[in-house]
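Observations on chain architecture
Residue-level listing of the chains:
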Amino acid sequence: MRWFIEKPASLRITRRGLLKVFGVTVAALAVGAYKVTDLFVHRNRYIKMRQSGQYKDDERVRKTYSLAASQQNPMIKRFYDEFAGQPFGEVSESLLHTKYFRRTG
Amino acid sequence: MQGEIGVRHSIDYDMCINCGQCLINCPFGAIEQMSFLEDVMEKLNGGWTVVAIVAPAVRVAIAEEFGKPPGTLTVARLHAALKKAGFKVYENNFAADQTIMEEGTELIGRVAYWELGLKEIEFEITDSYPGSWRKKVRLELKEFENRPLPQFTSCCPAWVRYAELYYPEILPHISSCKSPQQMAGPTAKTYGALKVWKVSPEKVYTVGVMPCTAKIYEASRPEFNSAWRWLREKGLIPESVPPFRDVDAVLTTRDLAELFRRKGINPLEFSENENPEDFEWYSGGGTIFGTSGGVMEAAMRFAWSVLSGQEPPATSEEWDFVKVRGYTYPRVHASVTIPLKKELRKETGIDEVTLNVCVVNGIGFGGMHIKPVIEEVLAGTSRYHFIEVMTCPGGCLNGGGQPVEPMGTSWIDPVLPLPL
Ligand code: SF4
Ligand code: SF4
C-alpha cells in the first residue's frame, strides 16, 4: 500500500510560486464565499418548501378528519383501550420506553 | 471527518453520530449509505407480513424523486403505492401520536414531581369527538426522582448518540420514550400481529421508511428486540423462536424510490383520496414531527388540552403554537401558560402552569447550537422545562436519507462548466 504524505509547503514552493498560490487562494475563497451563501439560501429554500408541505398535511387531517392532537386519533384510543391500558402502564414500560448508555471511555 | 484536500477523507466512526448530513452536503456526492433494499425486495416475494413504517418527512420529499418540487404532499398515493408493492402501512405518524401520549405524560409527571412537589398525580385524557372518550392516568411520582427537569426529546437517534458519546451526564434528562420508529416496530409485532392483522408475530417483517441514516443504526441497537422479549415472557410465542429485531430493516426515502422504480411503480399515478384504516390514522400533531418544532408543538397540543380541559374544534387556531416552530432559526424559545382545569386546580392547589420550552433546530457544526443549551442544564441555570433537539437543520425533512437536492447540496456540480 502506498501512503500519501504531504511535504511541508516550504520545501516545494518558491516565493514567486507562493504569491501565485496566495492569489489563486484569495480568488477561490471569494468565489467560494459567494457560492456558499448561495448554497445556504438554496438550502433554506427547499427546507421551507418541505416545511410548508408538512403544515399543509396538518391542516388537511384537521379539516378532513377533525384530528388536531394525538389523543384524538381513533387508533390511539383503540391501542390504549384494547391493549396498552394507559400511558406509562406496564405494556408501555416494556415496549415503548428504553434506557440509555454512557458511551465514553 | 478529516483528510487532505484532494485525498480520500476518513470518518472517525467512534465519534460519528450517523446523521448523514455529510452525505447530503458532500460537495462531490461521494458518500453512500448501506442499504436493505435487496432484503426487503426478497421479503416482499411472499411468506411474510411486510410492514412499512412511513415517517412524516417522507411524504413531503419522495415526490422529488419522481420529478415534482420539494414539499409536494404525497399521502394516499404513497399508501396506495406501498400496498401495490406488497406492504402493509403503519403510519409512523401514528407512532408519533403514541410518542406524544407517552412523552407528554412523562412531561406532566416531571413537572408535577419537581415543580409542584406532588407524590402522585391523577388526570384524565379526554376527547369528545365523535363520541366521548376518557382515559384515566395515574402516576406514582416516586420514580420521577431519577427524571430531572428539563426533559429533552428522544426521537432523534443522532442526538441520543451525541449525548451518549459526548455528554453522558445529560442522559437522565432525555425522555425514556423510544423514538416513533422504535415504538412502531414492537407495537406492530405485538398488538398489530395479534389483535389487528391476526398473523404470527415472528412472520411480521418491519421496515422503517425514513428520511434518516441514523435510523439505520438505531434499529440495530442490541436492546431493541423488546417485542421478542415481551412475547416470550407472556408465553405468546414458542420458546424455540430465535430473537428477532423490533425493526428489521430501514429504507431511506431514496431507497424507497429505488424500490418503486424497480417494481415499475410511480406513486404519483395513484389518487390522493383514501379512507384511512387501522394504523393509517394520524393526527396533525403526528404529522408535524417531520419539521423542526413539530414534536414540541404536538406535545403542547396534548399538554394544553389535557391540563386545561379545552377541546376546541380541530380547525381552531387555538391548536396552533406557532411560537415554538423552528422554521430556519437555529434555536427558538417560548413560554406557554396553561390554565388548569377544575379537578387539577383542586389536586395541585394552583391555577395555572407555565412551561418554558426550547427548540434546537440542527445541533450545528461541532454541536455549536446544542452545547450552550446542555452546559446551562449541567450548570443548573436552565430555565426550560422541555427541550426539543433535531440534529438536522429544519428537522427530519432535511435528513440524510432524503432525496439529494441539486439546488442546495452537491454544490460542485453547478459551479463546474461541464458535469464531472
Ligand atoms: S456528518 Fe454526521 S454522518 Fe457524516 S461523519 Fe459527521 S456525524 Fe457522521
Ligand atoms: S433530525 Fe431527523 S433525519 Fe436528522 S438525524 Fe435526527 S432523526 Fe434523523
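Placed above this text is the structure.
Scope of this entry: the structure provided in the associated data block.

Rules used in this analysis
- Residues numbered from 1 in each chain as written.
- Chains lettered and ligands numbered in written order.
- Predicted model: local features only at pLDDT ≥ 70, side-chain atom pairs only at ≥ 80, totals over all residues.
- Heavy atoms only, no water.
- Pairing = 2+ DSSP bridges.
- Helix = DSSP H or I, 4+ residues; strand = E, 2+ residues; numbered from the N terminus.
- Axes fitted to C-alpha atoms, helices over the stretch in contact; angles between N-to-C directions.
- Contact = heavy atoms within 4.5 Å.
- 1 Å grid on protein atoms, 1.4 Å probe; cavity = no way out; pocket = protein on both sides within 12 Å on 5 of 7 lines; lining within 4 Å.
- Points joined across faces, edges and corners; volume = space filled by probe spheres on them.
- Nonpolar A, V, L, I, M, F, W, Y, C, P; charged D, E, K, R; others polar.
- Phe/Tyr/Trp six-rings, centres within 6.5 Å; stacked < 30°, edge-to-face > 60°.

Residue and element names in this part refer to chain B. With parallel pairing, the 4 strands of this open sheet are ordered in space as β2-β1-β6-β7. The sheet is open, and its two borders are formed by β2 (88-91) and β7 (249-252), each paired with just one other strand. With direction set aside, neighbouring strand axes in the sheet form an average angle of 30°. Here helix α4 (residues 92-114) sits on the sheet in contact with β1 (49-54), β2 and β6 (204-210), set at roughly 35° to β2. Across the sheet, helix α9 (residues 253-262) is in contact with β6 and β7; its angle to β7 comes to roughly 85°.

Time to look at the sheet that holds strand β9 (residues 352-361) of chain B. All names here are of chain B. If you walk across this open sheet you meet the 4 strands as β5-β10-β9-β8, and the pairing is mixed. At either end of the open sheet lies a strand with only one pairing partner, and these are β5 (151-152) and β8 (331-339). Examined bridge by bridge, β5 and strand β10 (residues 386-390) share 2 bridges and lie parallel to one another. Note on β10: the bridge partner recorded for Gln-151 is Phe-386.

Attention shifts here to the layout of surface pockets. Here the second largest pocket defines a volume of roughly 570 Å³. In terms of lining residues, the second largest pocket is bounded by 24 residues, among which His-97, Thr-98, Lys-99 and Tyr-100 of chain A together with Ser-176 of chain B are the most central. Those elements that provide at least two residues to the lining of the second largest pocket are α4 (90-95) of chain A together with α4 and α8 (226-233) of chain B. Top element by residues in the lining of the second largest pocket is α8 of chain B. It accounts for 4 residues. In terms of residue class, the lining of the second largest pocket is built from 7 nonpolar, 7 polar and 10 charged.

A few words now on the packing of aromatic side chains. For the coordinates displayed, the defined rule picks out 22 aromatic pairs over all chains. Their ring planes at 50° and their centres at 6.1 Å tell us that Tyr-55 of chain A and Tyr-327 of chain B sit as a pair that is tilted. Of this pair, Tyr-55 of chain A sits in helix α2 (residues 15-65) while Tyr-327 of chain B is found in the loop between α11 (294-308) and β8, placing the two residues in two different chains. What links up through ring pairs into an aromatic cluster is the set Phe-79, Tyr-80 and Phe-83 of chain A together with Tyr-90, Phe-94, Tyr-191, Trp-197, Trp-230 and Phe-279 of chain B.

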